[in-house]
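Observations on the three-dimensional arrangement
Residue strings, one per chain:
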Amino acid sequence: MSFLTTLSLVPHQPPAVLAAALRAALGSAKVVYLRGLAAWLPAAEWPAFYEHLTEATGQCLRLDEDFAQGSARTGHKWIEVRYDAAIPDDAAYRFSKNAQPLHTDESYLSQPAEVMFMHCLVQAPAGGETTFVDADVLWQQLQARNPALAARLLDQPVRFAKAGDSRHLPIIARTPAGLRLNWNYHCVDPAESPATHALARDFRQFLLDHVADTPAETAIQLGPGEAVAWWDDQVLHGRRAFRAAATNDRFLLKSGFRLSPDV
């Protein structure tokens, strides 16, 4: 499977046709960059377009969380990822203009989606690129730079927990289908062992020192109307810092879905 492919959104195609193209792209690449919508569809219609596309592509999950209620599930499908000037930058990456460290979205979800999907309504005045790291590239970096850490990470289960939900999976697992990732430093269960917390700290530092802002990381600047879909357990992703002054100076919508077994 390749790392990244681009899917051009063609006007006047039914959602089922576009969904088939997206499924095919996800069958051959870990990250799919969707472009071209803004050239032929008014901005007011983008959310409805992506609503129909995702519903036609897979089984969509209702992943939204209420920040004010301790990340409790709201039952809504789309998660707002936007700058909010009323929320301190260090309170929640989702609403801040700070860089977001590399992670997977579903580290703590017991019933996860497979593919995450995010589309852009408002691009930040500067910065805000979404970054991706291929699991295979990450493993190569670990083996080359810190083989002892690679050995500690591989197939060592870690419990991640948040808002009453949890998952117990290795940060890096070797499976018959290839390497699989499950990682969010801020969601490691506080009740985990000191050794596990030390492992998480060491991996976090490795990412900061040897992966983030290096050629191992691919940055995609989502423009208005553009979108990106990715297999959550086959890449790490993050966000570069951006400039913003007013609420909603950057605004994206994110959700996730499952695909049929043949993809």
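Structure shown above.
Here the structure is a predicted model, which is why all the values come from computation and not from measurement. Counting of residues starts from 1 at the beginning of each chain's written sequence and follows it residue by residue. Local features in a predicted model are, by the rule used here, given only for residues with pLDDT of at least 70; side-chain atom pairs are given and counted only at 80 or more, and totals for whole chains, interfaces and linings are based on all residues. Computation of side-chain values covers all heavy atoms of the structure but excludes hydrogens and water.

What follows deals with the packing of helix α1 (residues 15-26) against helix α2 (residues 46-57). Remark: α1 packs on α2, axes separated minimally by 8 Å, with the N-to-C direction vectors making an angle of 65 degrees. Once α1 is placed against α2, the crossing between them reads as right-handed. Facing Pro-15, Leu-18, Ala-19, Leu-22 and Arg-23 of α1, the residues of α2 in contact are Phe-49, His-52, Leu-53, Ala-56 and Thr-57. Classes in brief: Ala, Val, Leu, Ile, Met, Phe, Trp, Tyr, Cys and Pro nonpolar; Asp, Glu, Lys and Arg charged; the others, Gly included, polar. Among the residues forming the contact of α1 with α2, the class breakdown is seven nonpolar, two polar and one charged. Axes here mean lines fitted to C-alpha atoms, for a helix over just the part in contact, with angles spanning 0 to 180 degrees between N-to-C directions. Numbered from the N terminus, helices here are DSSP runs of H or I no shorter than four residues, and strands are runs of E no shorter than two. Crossings are sorted by hand: turned counterclockwise from the far helix by less than a right angle, the near helix makes the crossing left-handed, and turned clockwise it makes it right-handed. Whether two residues are in contact is decided by their heavy atoms, any of which lying within 4.5 Å being enough.

Turning our attention to the environment of Ser-28. By secondary structure assignment, the location of Ser-28 is in the loop between α1 and β2 (29-35). Working definition: with a 1.4 Å probe on protein chains only, accessible area under 20% of the residue-type maximum means buried, over 50% means exposed, and in between means partly exposed. Overall, Ser-28 belongs to the partly exposed group, its relative accessible area being 38%. In contact with Ser-28, other than residues within four places in its own chain, are Met-1 and Ser-2.

This part covers the packing of aromatic side chains. Here a Phe, Tyr or Trp ring, Trp counted by its six-membered ring, pairs with any other such ring whose centre lies within 6.5 Å, and the pair is stacked when the planes are under 30 degrees apart, edge-to-face when over 60, and tilted otherwise. Per the stated rule, a full pass over the model turns up ten aromatic pairs. For the pair Trp-40 and Phe-49, a centre-to-centre distance of 5.9 Å together with 85 degrees between the ring planes defines the contact as edge-to-face. According to the relative accessible area criterion, Phe-49 is buried, its value standing at 13%. An angle of 50 degrees between the planes, with centres 6.2 Å apart, marks the rings of Trp-183 and Tyr-185 as tilted. Residue classification places Trp-183 among the buried residues on the basis of a relative accessible area of 1%.

Any two strands are treated as partners once DSSP identifies two or more bridges connecting them. The strand order β7-β17-β10-β15 describes an open sheet built from four strands, whose pairing is antiparallel. Two strands close off the open sheet at either side, each with one partner strand: β7 (100-103) and β15 (218-220). Ignoring which end each strand starts from, the neighbouring axes of this sheet average 20 degrees apart. Two elements, strand β10 (residues 130-134) and strand β17 (residues 235-239), share five bridges in a ladder whose sense is antiparallel. Note that in β17 the partner of Phe-132 across the bridge is His-237. This element, helix α3 (residues 135-145), spans β10 and β17 of the sheet and lies at about 65 degrees to β10.

All right, on to the pattern of salt bridges then. One speaks of a salt bridge when a side-chain nitrogen belonging to Lys or Arg is within 4 Å of a carboxyl oxygen belonging to Asp or Glu. Going through the model one piece at a time under the given rule, you end up with 14 salt bridges. For Glu-226, the salt bridge is made with Arg-35, and the minimal N-O distance between the two is 3.3 Å. Separated by 191 residues along the polypeptide, Glu-226 in the loop between β15 and β16 (227-231) and Arg-35 in strand β2 bring together distant segments of the chain. Classification of Arg-35 as partly exposed rests on a relative accessible area of 40%. Connected through salt bridges with shared partners, the residues Lys-30, Asp-134 and Asp-136 form a single ionic network.

Within soluble globular proteins, side chains that are nonpolar tend to cluster in buried spots. If you look at the biggest cluster of nonpolar residues, it comprises 46 residues, and the most contacted ones within it are Leu-138, Leu-142, Ile-172, Phe-203 and Leu-236. By residue number, the principal contributor to this core is helix α5 (residues 194-210), which donates five residues. Those residues in contact with Phe-203 that sit more than four places away from it in its chain are Leu-138, Leu-142, Leu-149, Leu-153, Ile-171, Trp-183 and Leu-236. In terms of nonpolar packing, the next biggest core, distinct from the first, is built from 26 residues, Ala-25, Leu-37, Leu-53 and Ala-229 among them. The definition of a nonpolar core used throughout is a set of buried Ala, Val, Leu, Ile, Met, Phe, Trp, Tyr and Cys residues joined through side-chain atoms within 4.5 Å.

Any link to function would need more than the numbers given here.
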